[in-house]
Number of protein chains: 2
Amino acid sequence: MIQITIIGSGNVAQHLIKAFSASKFVEIKQVYARKKEALVHLIDSEKIITDLNELQTADLHIISVSDNAISEVSSLFPFNNQLVVHTSGTSSMALLDHKNRRGVFYPLQTFSKSKEVDFTIIPFCLEAENTADYKLLETVAKSISTVVYSINSEQRKALHVAAVFVNNFTNHLYQIGQEICEENQIPFEILKPLILETSDKIKTLSPAEAQTGPAKRFDSNTIDAHLAFIQNENQKNIYKILTQSIQQNGKKL
Amino acid sequence: MIQITIIGSGNVAQHLIKAFSASKFVEIKQVYARKKEALVHLIDSEKIITDLNELQTADLHIISVSDNAISEVSSLFPFNNQLVVHTSGTSSMALLDHKNRRGVFYPLQTFSKSKEVDFTIIPFCLEAENTADYKLLETVAKSISTVVYSINSEQRKALHVAAVFVNNFTNHLYQIGQEICEENQIPFEILKPLILETSDKIKTLSPAEAQTGPAKRFDSNTIDAHLAFIQNENQKNIYKILTQSIQQNGKKL
């Protein structure tokens, strides 16, 4: 059985603790939180430590804390030459203190405290300094997910930028859709099937194939009518810049 | 049995013909296409007409042609005082020739020729000049869908703008995500679970509750690193304007 330790008590840490607790191939040896109460609902309180000096060595130590704390936390580990990884999409592997063997164990997903996730379909992006460590990360990732990729630090940076576009920015467009509905006494419910179908389409069509609408059709009558309708300057700017971007893409193809 | 006639052979017309053909409460009396071949794979060729003068009266006549042809097509109908509707999200009901009783029968969904849709969850937005006609539209819509709304022409305009944001623009963000992946030798597949989870979240969370990411956290280190990473000026502008918009929203809350 592979023994792992998780450092952190945030969203990602908690989802990982739940997923590993259900795995037959991995055992959680210790978890670290600043306050014990943060994790008692998830794991035996005997396994929770609140002082990094109590950390024991395990096969794998996963640091899942905010980006700006990764470096310091990794420097406080009371041992050397063990495998230590972080779970961040933005931080380089080199951020980890080099007194231990380093790696990255990044689950590419959006985690909310209030929503369960199906870990088996979450892509894990792995990186390690040597092949043996990579193999161990792969085994651990495959114990909870079916989708595992080798992604280096530079690629991970690109991936995180892409994730901001398809997740953060997309969600913000949903919010604008909701605002437009509410300003016009239309229930937002009415847009939800369209939102779900929009994402569902990319299972079978490329985004270029799936693109429809006035921008794609260069339908300037409709575009002008929409711009005249939108009163909010911010929404109008977003409408213009995304319409322009779709039309530039259309010309490239 | 309610008898309906469909004028048009585009995406929406074809999906409607398929859906109504499977309904027990509605019978398709005639369909009109400029060329018979456009529809022979869907319906008895005897029911296909290619000359609007051959149009017979039915309980409902659905015009599903491009926006700029609606007005002319409706003026060519060889009868008066019948119920005639269009399926457009952008066009006003008043675009229809007033020699007939007018209405709108707008399915709010994105249709692709190559992808089947589940009509039962598509919201139908209905409008009519009088109550009896509205009731008939409602009965017809409910024969193929479980989701029916009364939406006037002004609301429909707002809804179409909102749909452009949550469908057309969202799909374009997927395309940018794909471009960033490809430029960095990352398979786009890796982003698909995130894309699906992003839309799935709105079933249980409002967009404001679901919002995550560096913009929402006002994490200027990550935002600056992303802007430094993005070389494409167009992508950089979109990143900036959407980040700004999320942060304005954050301050409002």
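Every chain's residues receive numbers from 1 upward, in the order its sequence appears when written. In the order they appear in the text, chains get letters beginning with A and ligands get numbers beginning with 1. Side-chain atom pairs in this predicted model are given and counted only at pLDDT of 80 or more, local residue features only at pLDDT of at least 70, and totals for whole chains, interfaces and linings cover all residues. Note that the side-chain values use all heavy atoms of the structure and ignore hydrogens as well as water.

Labelled according to an unreviewed UniProt entry, chain A appears under the name Rossmann-like and DUF2520 domain-containing protein, originating from Flavobacterium procerum.

How should the UniProt feature "domain: DUF2520" (unreviewed entry) in chain A be read in this particular structure?
Per the UniProt record, "domain: DUF2520" (unreviewed entry) is annotated on residues 122-246 of chain A. Between the C-alpha atoms that bound residues 122-246 of chain A the distance is 29 Å, and the span itself is 65% helix and 8% strand. UniProt positions are given in the numbering used here, feature names are shortened, and annotations may be inferred rather than shown by experiment. In this description a helix means any DSSP run of H or I spanning at least four residues, a strand means any run of E spanning at least two, and both kinds are numbered starting from the N terminus.

Explain the nonpolar core here, please?
Generally speaking, a soluble globular protein has its nonpolar side chains buried in company with each other. Formed by 76 residues in total, the largest nonpolar core has its most connected members in Phe165(A), Leu191(A), Phe165(B) and Leu191(B). Core analysis: the next-biggest nonpolar cluster, separate from the first, contains 33 residues, Phe20(B), Ile43(B), Phe124(B) and Leu126(B) among them. Throughout this description, the term nonpolar core refers to a set of buried Ala, Val, Leu, Ile, Met, Phe, Trp, Tyr and Cys residues connected via side-chain atoms within 4.5 Å. Note on exposure labels: buried denotes an accessible area under 20% of the residue type's maximum, exposed denotes more than 50%, and partly exposed covers the range between, all computed with a 1.4 Å probe on protein chains only.

Can you help me understand the packing of helix 7 (residues 220-229) of chain A against helix 4 (residues 153-183) of chain B in this one?
Packed helices, taken two at a time, are described by the angle between their axes plus the distance between the axes. In this analysis an axis means a line fitted to C-alpha atoms, helices contributing only their contacting stretch, and an angle means the value between N-to-C directions, from 0 to 180 degrees. The contact between helix 7 of chain A and helix 4 of chain B brings their axes to 10 Å, and the two run at 105°. One element, helix 7 of chain A, and the other, helix 4 of chain B, form an angle in the roughly perpendicular class. Taken together, the residues of helix 4 of chain B that come into contact with helix 7 of chain A (itself represented by Thr222(A), His226(A) and Phe229(A)) are Glu154(B), Lys157(B), Ala158(B), His160(B), Val161(B) and Val164(B). Under this grouping Gly is polar, as are all residues other than the nonpolar Ala, Val, Leu, Ile, Met, Phe, Trp, Tyr, Cys and Pro and the charged Asp, Glu, Lys and Arg. For the contact of helix 7 of chain A with helix 4 of chain B, the class distribution of residues is four nonpolar, three polar and two charged. Any angle from 65 to 115 degrees is called roughly perpendicular, while one under 35 is roughly parallel, one over 145 is roughly antiparallel, and all others are oblique. The contact definition used throughout considers only heavy atoms, calling two residues in contact when any of these lie within 4.5 Å.

When you look at the packing of aromatic side chains in this model, what are you seeing that I'm missing?
Each aromatic ring pair is characterised by the separation of its centres together with the angle its planes make. For this analysis, a ring pair means two rings from Phe, Tyr or Trp (six-membered ring only for Trp) whose centres lie within 6.5 Å, classed as stacked if their planes differ by under 30 degrees, edge-to-face if by over 60, and tilted for the remaining angles. Within the structure shown, the criterion is met by 14 aromatic pairs over all chains. These aromatic residues form a ring-pair network of at least three members: Phe20(A), Phe105(A), Phe119(A) and Phe124(A).

Would you mind showing me how to read the environment of Leu205(A) here?
Residue and element names in this part refer to chain A. One can find Leu205 in the loop between helix 5 (192-201) and helix 6 (207-210). A residue is classified by how much of its surface remains accessible, and Leu205, at 10% relative accessible area, is buried. Along the sequence, Leu205 and Ala22 sit 183 residues apart, while their C-alpha atoms lie 35 Å from each other.

In this structure, what is going on with the domain arrangement of chain A? I would like to understand it.
Interface size is commonly expressed as the accessible surface area that is lost when the partners come together. Residue and element names in this part refer to chain A. Note that the domain bounds were set by an automatic or database domain assignment. Domain annotation of chain A identifies domain 1 (2-151) and domain 2 (157-252). Computed from C-alpha coordinates alone, the two centres of domain 1 and domain 2 are separated by 36 Å. Taken together, the contacts link seven residues of domain 1 with five residues of domain 2. Regarding the contact of domain 1 and domain 2, the summed buried area is about 440 Å², with carbon and sulfur atoms giving 73% of it. Salt bridge, as used here: a side-chain nitrogen of Lys or Arg that lies within 4 Å of a carboxyl oxygen of Asp or Glu. Inspection of the domain 1/domain 2 interface yields zero salt bridges. For this analysis, a polar contact is any N or O atom pair within 3.5 Å, provided that within protein one partner can donate a hydrogen and the other can accept it, and provided that sequence-adjacent residues contribute only side-chain to side-chain pairs. Remark: the boundary between domain 1 and domain 2 carries zero residue pairs in polar contact (both at pLDDT 80 or more). Among the residues making up the side of domain 1 that touches domain 2, the classes are represented as four nonpolar, three polar and no charged. Joining two parts hides part of their accessible area as seen by a 1.4 Å probe, and the buried area is that hidden amount summed over both.

Could you clarify how one ought to interpret the packing of helix 5 of chain A against helix 4 of chain B in this entry?
Where helix 5 of chain A contacts helix 4 of chain B, the axes come no closer than 10 Å and their chain directions differ by 15°. Between helix 5 of chain A and helix 4 of chain B, the interaxial angle falls into the category roughly parallel. Handedness of the helix 5 of chain A/helix 4 of chain B crossing: right-handed. Note on element contacts: helix 4 of chain B touches helix 5 of chain A through Ala163(B), Val166(B), Asn167(B), Thr170(B), Asn171(B) and Tyr174(B), opposite Leu194(A), Ile195(A), Thr198(A) and Ser199(A). Handedness of a crossing follows from how the near helix is turned relative to the far one, being left-handed for an anticlockwise turn of less than a right angle and right-handed for a clockwise one.

Help me out: how do you make sense of the pairing of strand 5 (residues 83-86) of chain A in this one?
Consecutive side chains of a regular strand alternate in pointing toward one face of the sheet and then the other. Residues and elements named next belong to chain A. Because side chains alternate across strand 5, one face comprises the buried residues Leu83 and Val85, and the other comprises Val84 and His86, equally buried. Where strand 4 (residues 60-63) lies against strand 5, three bridges are found, and the strand directions are parallel. The partner of Ile62 across the bridge, within strand 5, is Val85. Seen with its strands pointing away from the viewer, a crossover is right-handed if its path from the first strand over the helix to the second goes clockwise. Between the parallel pair strand 4 and strand 5, the chain is carried across by helix 2 (residues 67-75), and the sense of this crossover is right-handed. A strand pair is defined by DSSP finding two or more bridges across the two strands.

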